[in-house]
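Coordinate inspection notes
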Amino acid sequence: MFTLFILLLLPYVSTFEYSLIIKEKSPITKSIYQFPHSYELLNNFQSNFNLTNNNKELILTKPIDRDYWCLQNICSCEHCSFILELFSNDNKTSPIFSTINITIIDINDHSCQFLDIQTNISLSESIQIGHRFPIARAIDYDSGMNGELSFKLLNNINYFELNTIKLSLNEYAIYGIIKHSFDRELNEKYDLIIEAYDHGLSQVQVNRTNVTVWILDENDNAPKFNQTEYSIQSLPEDTPIGTKLLTIQATDIDKGLNSLIHYSIITPPDITLFPFIINSTSGVVSLHSPLDYEKVRSYRFLIRASDSGLPQSLYTDTWLSISIADVNDCPVEIVFVPNRRFQYDNQTLFIYENTEINNLTLGYIRLFDQDSIQTKLSITLMILDKNPKQNYELILSNQINTYVLIVKQGIFDREIQQDINLRFLASDSLLTTIKDFKIHLIDLNDNPSEFPSNPMKFFVEELGNYHMKKNPIENFQFGIGYLNATDRDEGENTLNRYELEPNSFVKINSNTGQLSLIQPLDREEISKIVLKAKAINIAEPKWETEVQIEIEVLDVNDNIPQCLTSFNQISIPENVSIDHSLIKINATDLDYKTNGTINYSLRVNNSWPFEINAQTGEIYSQQIFDYESEFRNYLIIIDLEDEGYPIRNQNKNACQLIINIEDINDNSPQLLDDKQTSIFLDLQKPFINEIIVFNVTDIDSGDNGKIKYTLQTNEYNSLFYLYQNGSLHMTHEINQVSLFHLKILLEDYGIPSQQTIIHVTIAIGDTSIPAFSTFEKIQMKYLQPKSLGLILGLTVLIITFLLFLCLIITWILLHKHRRRHQAAIAARSKLLCSSSQQLTSSGSTNTTSSSSIENQQIANIVQIKPIYYDRRTSNSCTVNTSSPESQTYKILHIPHDNEYYMNYYQHEKVDNHSSDHGYHGSYETSASSSSTASSAQISVRHSYLVNQLPDFVTRCKSVNGGFLVEMNVDGSDEDQR
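Residues numbered from 1 in each chain as written. Predicted model: local features only at pLDDT ≥ 70, side-chain atom pairs only at ≥ 80, totals over all residues. Heavy atoms only, no water.

**Some words on the overall build of the chain**
Convention followed: Helix and strand definitions here come from DSSP, where helices need a minimum of 4 consecutive H or I residues and strands a minimum of 2 consecutive E residues; each element is numbered from the N-terminal end. Classification of residues uses two cut-offs on accessible area relative to the type maximum, computed with a 1.4 Å probe and protein chains only: under 20% is buried, over 50% is exposed, and between them is partly exposed. Note that accessible areas follow from Shrake-Rupley with a 1.4 Å probe, and for residues the cover is restricted to the protein chains shown.
When helices and strands are tallied, the chain shows six helices and 63 strands. Taken over 977 residues, the chain has a buried fraction of 42%. In the structure as shown, the chain presents an accessible area of about 54,300 Å², 50% of it carried by carbon and sulfur atoms.

Right under this line is the structure:
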């Protein structure tokens, strides 16, 4: 019952059918059919047709080539016809769906065309009579009698005749047949002329081609296929690429290369994308590219089998026909035909808002499927909007695959929903098509304007007051803001004009709604203005909307920050901490909030170590100061600026700060010249008490830089004295080579004090003696190497043990030697007397004796008297100690060629040490001549050396590697000793 009710609501739909027969290549833009009604084309076959003259006359838009359509399988070659679908809505109560069946008839406009012409054919001279060989293919693209062909050989008819095979309605294969045997030695070339003509009734089309036949001696058997023709029926158009479709087989009874077969495809010239390939060796035909039944429904092409014979290969062709089976691979096409009441463009239907909805017909939907398989088509409607305001429905029409789109109920309100999005889903039970459809609502002026708020608040700075006073401009308007009423409508329906109640402060632009000052405003006089305004629509109906306006006058940044104290001066110690502020700069700004917030900045040299907290004004040091550097006083300028806009201002209100750096005792005294720690005094130079004045400095200032000198070496306090000016003195002269180590304390007067200890080494040497002529040589003589380490320790232990062992052995030997010593006393008297006489007779102290107690060579003797050496006068004097009864000798035993020890003995006073050494072995004595006066000087002779001393030595002293001995030669004291 519900369906019957719906059908009663639908208008009646009429249908008409027309037919038309035209020749191919009919002229364009000329009417070929006239309809009784105005129509619209629902489909346009190959885009060749159009409607003119109020859509009642059908014309061609481009020529129709029936033969081309036949080749492309657009229409049947035997009967080319198709149907155009029409739609008429002249009768507003009932639409008309019509069809016109158009048949295209052929004209004889093509002559025979030769394809795959074998212009040069090679035949073996031994070829058999009756052998057939391919020459060419011939085709006439016309249809019917116009496409039927006949062929005629015009020459060499004794040797050849033609054999034709009809491949299709208008396509032929031309073969030659051997009628007579050949002799290549008589004639190896035959030129054939082949003539082809069609059977057209009004006009016959003729064409000729030339073929040359060469007679060969070799390879006289061409390959033969196992079938005369191959075919594949109903190959699905969705067959996967690479699928193996068929295997072509051919045989050649020749041997060797003449029987080696290669397969190839003779690609049809009228097909641009050929989808098949063949394996040249196996003959397997495979799919190379996708198939499309809707474009090409069948293929017919030649397969060629060629042998590898030389010098000319032979081949045989066979046909392969493949018909394509349609599969359901084309989606459904959806065509929307709108209701003539509404405008439709680019998938969008335009409808005025507030249009009455009561089963309103929006348009018609037609479904098409290009697939040949008859399937049931269905369509579904979806509303894409989340909250639809209307109810839509598709109703099936009485025409196949046609539906009516209606709106059953709801409201069209553009302000709520400007665009309505629908989606159609059409399906043929396998494939689904999606088409989006939009309904756009056209605006009507059905809404008054609205203000963002009520009341509307505006703010104006009192700077506007100053600007109008100081820079008066004729007709100047100082803008405050805009009323800016909004309208939910669009386009011209949103335009307003504005009105403001009369007042003496503010005026309004009626078109733009801009509010402007009429006279200056001073916040101290008036801080707020309250007025009423309204917005009036220009379009009908003229909606009015009222609003209250509140204008507040704001403060401006018209005060400059000022320092409470424009000049400050502080003093800080040089070691002040960087974590604590040095000083805080106090400033004020009469403005408030942002305009009164002050930022501090320093105007200083980039190398100065200061920074300031921009918010608090506290100044910090970035590093520890050094009073001894070049900067001890800093002049800092602090700039002030507020955070208002525009900023007030830097240079006019700067603060000045002087920072003085105070010294602290952070430096100890330092000796500037390290060479002053190594001092060399030459005995050859006159003695001076002042040795050196130390060059010491302390870079601190005041008491922190004053230096106090203290000599801390107590053992030399009697010999050295250090004055407070840094002058080091010797209290008395030293006449021997010496080395002194002094420790000196340098201390300043700061609190707490800084101290430095320096170590000074004083070497006293003699430049006339090479071994003691420099500081380094003296230091090497006195200082023991510090690197002996463990070796020295072990050496001391070994020496101690050996010494203890030697003492025991010495005691035993001395006990035995005592006995022998008594016997030697008597022999000594004779020896002395003999030695004295020899020295006296020669007048010299240098006498060599060949007699000794133990038959050893007697060493040289040097007679030395006590000598007193005066450095001031450089004179030497001797004391006469000789007596007629006794003579005392002093003998210096030294190494060979050591001149220094002889000089040293002259300049040094030797202390006597009593000892009884009892030297044994060879010895030598020296005595002065009896004729020599007792007061005469005994000169020192440096060239004599003593290697051994006699047993009766009374005194002995070690002197730098040698020894000095004293003995009495008269023997009067031997008993007592």
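**A word on the state of the cysteines**
To keep it simple, the criterion reads: Cysteine sulfurs are considered disulfide-paired once they come within 2.5 Å of each other.
For the coordinates displayed, the defined rule picks out two disulfides. In this model, Cys75 is linked to Cys80 through a disulfide, with the two sulfur atoms separated by 2.1 Å. Across the disulfide from Cys75 to Cys80, rotation about the S-S bond amounts to roughly -100°, and the bridge is consequently left-handed. An identical accessibility class is assigned to Cys75 and Cys80; each is buried. Each sulfur in the disulfide pair Cys563 and Cys655 lies 1.1 Å from the other. Of the two residues, Cys563 is situated in strand E41 (residues 562-563) and Cys655 in strand E49 (residues 655-662); the sequence distance between them amounts to 92 residues. Judged on exposure class, the residue Cys563 and its partner Cys655 are both buried.

**With respect to the nonpolar core**
Quick reminder of the rule: Only buried residues count toward a nonpolar core, which is a set of Ala, Val, Leu, Ile, Met, Phe, Trp, Tyr and Cys residues joined through side-chain atoms within 4.5 Å.
Core analysis: the largest hydrophobic core is formed by 26 residues, its most contacted members being Leu362, Ile365, Leu367, Phe412 and Ile439. Those elements that place two or more of their residues in this core are strand E25 (333-338), strand E27 (348-352), strand E28 (360-368), strand E30 (390-396), strand E31 (402-410), strand E32 (419-427) and strand E33 (432-442).

**Some points on the sheet that holds strand E21 (residues 276-278)**
Put simply, the rule is: A pair of strands is considered paired only if DSSP assigns at least 2 bridges between the two. Lines are fitted to the C-alpha atoms to define the axes, a helix being fitted only along its stretch in contact, and any angle between axes, read from their N-to-C directions, falls within 0 to 180 degrees.
Across the sheet, which stays open at both edges, the three strands sit in the order E18-E22-E21 with antiparallel pairing between neighbours. Two strands bound the open sheet, and with one partner strand each, they are strand E18 (244-247) and E21. On average, each strand axis in the sheet is inclined to that of its neighbour by 25°, with strand direction left out of account. Pairing geometry for E18 and strand E22 (residues 284-287), over three bridges, is antiparallel. Looking at E22, one finds that Lys244 is bridged to Ser286.

**Let's talk about the packing of aromatic side chains**
Put simply, the test is: Only centres within 6.5 Å qualify two rings of Phe, Tyr or Trp (six-membered ring in Trp) as a pair; their planes then separate them into stacked at under 30 degrees, edge-to-face at over 60, and tilted for everything else.
Scanning the entire structure with this criterion turns up 34 aromatic pairs. Their ring planes at 35° and their centres at 5.5 Å tell us that Phe160 and Phe182 sit as a pair that is tilted. Here Phe160, found in strand E12 (residues 160-166), pairs with Phe182, found in the loop between strand E13 (171-178) and strand E14 (189-198); they are 22 residues apart in sequence, far enough to count as distant. Taken together, a centroid distance of 5.4 Å and an interplanar angle of 75° make the contact between Phe720 and Phe740 edge-to-face.

**Observations regarding the pairing of strand E24 (residues 315-325)**
Most of E24 is tucked away: eight of the eleven residues are buried. Direction of pairing for strand E17 (residues 229-236) relative to E24: parallel, over a ladder of six bridges. Note on E24: the bridge partner recorded for Ser231 is Ser321. Across nine bridges, strand E23 (residues 298-306) lies against E24 in antiparallel orientation. Looking across to E24, one finds that Ile303 is bridged to Thr318.

**What about the side chain of Asp428?**
This is how it is decided: We define a polar contact as two N or O atoms separated by no more than 3.5 Å, with the added condition that, inside protein, one atom must be a possible hydrogen donor and the other a possible acceptor, whereas residues neighbouring each other in sequence contribute only through side-chain atom pairs. Contact definition: two residues touch when any of their heavy atoms are within 4.5 Å.
Summarising the element assignment, Asp428 is placed in the loop between E32 and E33. In terms of polar contacts, Asp428 uses its side chain to reach the backbone amide nitrogen of Leu430, at 3.2 Å. Within the structure, Asp428 has its side chain in polar contact with the backbone nitrogen of Leu431 (distance 2.7 Å). Not counting chain neighbours up to four residues away, the residues in contact with Asp428 comprise Asn328, Cys330, Val332, Asp369, Asp371, Thr375, Lys376 and Leu377.

**Describing the pairing of E49**
Sheet topology places strand E42 (residues 567-573) next to E49; seven bridges connect them, and they run parallel. Paired with Ile570 across the bridge in E49 is Ile659. In this sheet, E49 lies alongside strand E48 (residues 633-642) in antiparallel orientation, the contact comprising six bridges. Bridge pairing in E49 places Tyr634 opposite Ile659.

**Concerning the confidence of the model for the chain**
Heads up, the condition is: Confidence of the predictor at the level of single residues is captured by pLDDT, which takes values from 0 to 100.
Confidence in the prediction for the chain averages 78 pLDDT; 79% of positions are at 70 or higher. At the level of individual helices and strands, the chain shows its lowest average pLDDT in strand E59 (residues 867-870), which scores 36, and its highest in E22, which scores 95. With pLDDT under 50 throughout, residues 896-949 is counted as low confidence; its partners more than four residues away or in other chains account for 147 contacts. Predicted confidence for residues 971-977 stays below pLDDT 50, and this span has eight contacts to residues more than four positions away or in other chains.

**Looking at the pattern of salt bridges**
We apply this condition: The working definition used for a salt bridge is a side-chain nitrogen of Lys or Arg within 4 Å of a carboxyl oxygen of Asp or Glu.
Summed over all chains, the structure comprises 21 salt bridges. A salt bridge links Glu544 to Lys534; the nearest nitrogen and oxygen atoms lie 3.8 Å apart. Of this pair, Glu544 sits in strand E40 (residues 544-554) while Lys534 sits in strand E39 (residues 528-537); the two residues are ten residues apart in sequence, bridging distant segments of the chain. Since its relative accessible area comes to 51%, Glu544 is described here as exposed.

**Examining the sheet that holds strand E8 (residues 113-115)**
Spatial ordering of the open sheet is given by E8-E10-E13-E12, a layout of four strands whose pairing is antiparallel. What marks the edges here is a single partner per strand, and that holds for E8 and E12. Averaged over all pairs of adjacent strands, the angle between their axes in this sheet comes to 35°, without regard to strand direction. With three bridges connecting them, E8 and strand E10 (residues 132-139) associate as antiparallel partners. By the bridge assignment, Leu115 is partnered in E10 with Arg137.

**Considering a nonpolar patch on the surface**
Condition: The patch calculation keeps residues exceeding 30% relative accessible area without a salt bridge and links them within 9 Å when they carry like charges or within 5 Å when they are nonpolar (Val, Leu, Ile, Met, Phe, Trp, Tyr).
Taken together, the side chains of Leu794, Leu797, Ile798, Phe801, Leu802, Leu805, Ile809 and Leu813 make up a nonpolar region of the molecular surface, amounting to roughly 790 Å² of accessible area. With respect to the helices and strands, the residue Ile809 is situated in helix H5 (residues 790-842).

**Overview of the environment of Asp579**
Among the secondary structure elements, Asp579 is positioned in the loop between E42 and strand E43 (583-584). Relative accessible area serves as the criterion here: at 62%, Asp579 is assigned to the exposed category.

**Regarding the environment of Ile277**
Residue position: Ile277 is located in strand E21. Taking the relative accessible area as the measure of exposure, Ile277 reaches 39% and is therefore partly exposed. Residues Ile277 and His288, eleven residues apart in the sequence, show an inter-C-alpha distance of 6.1 Å. When residues no more than four places from it in sequence are discounted, the contact partners of Ile277 are Ile265, Val284, Val285, Ser286 and His288.

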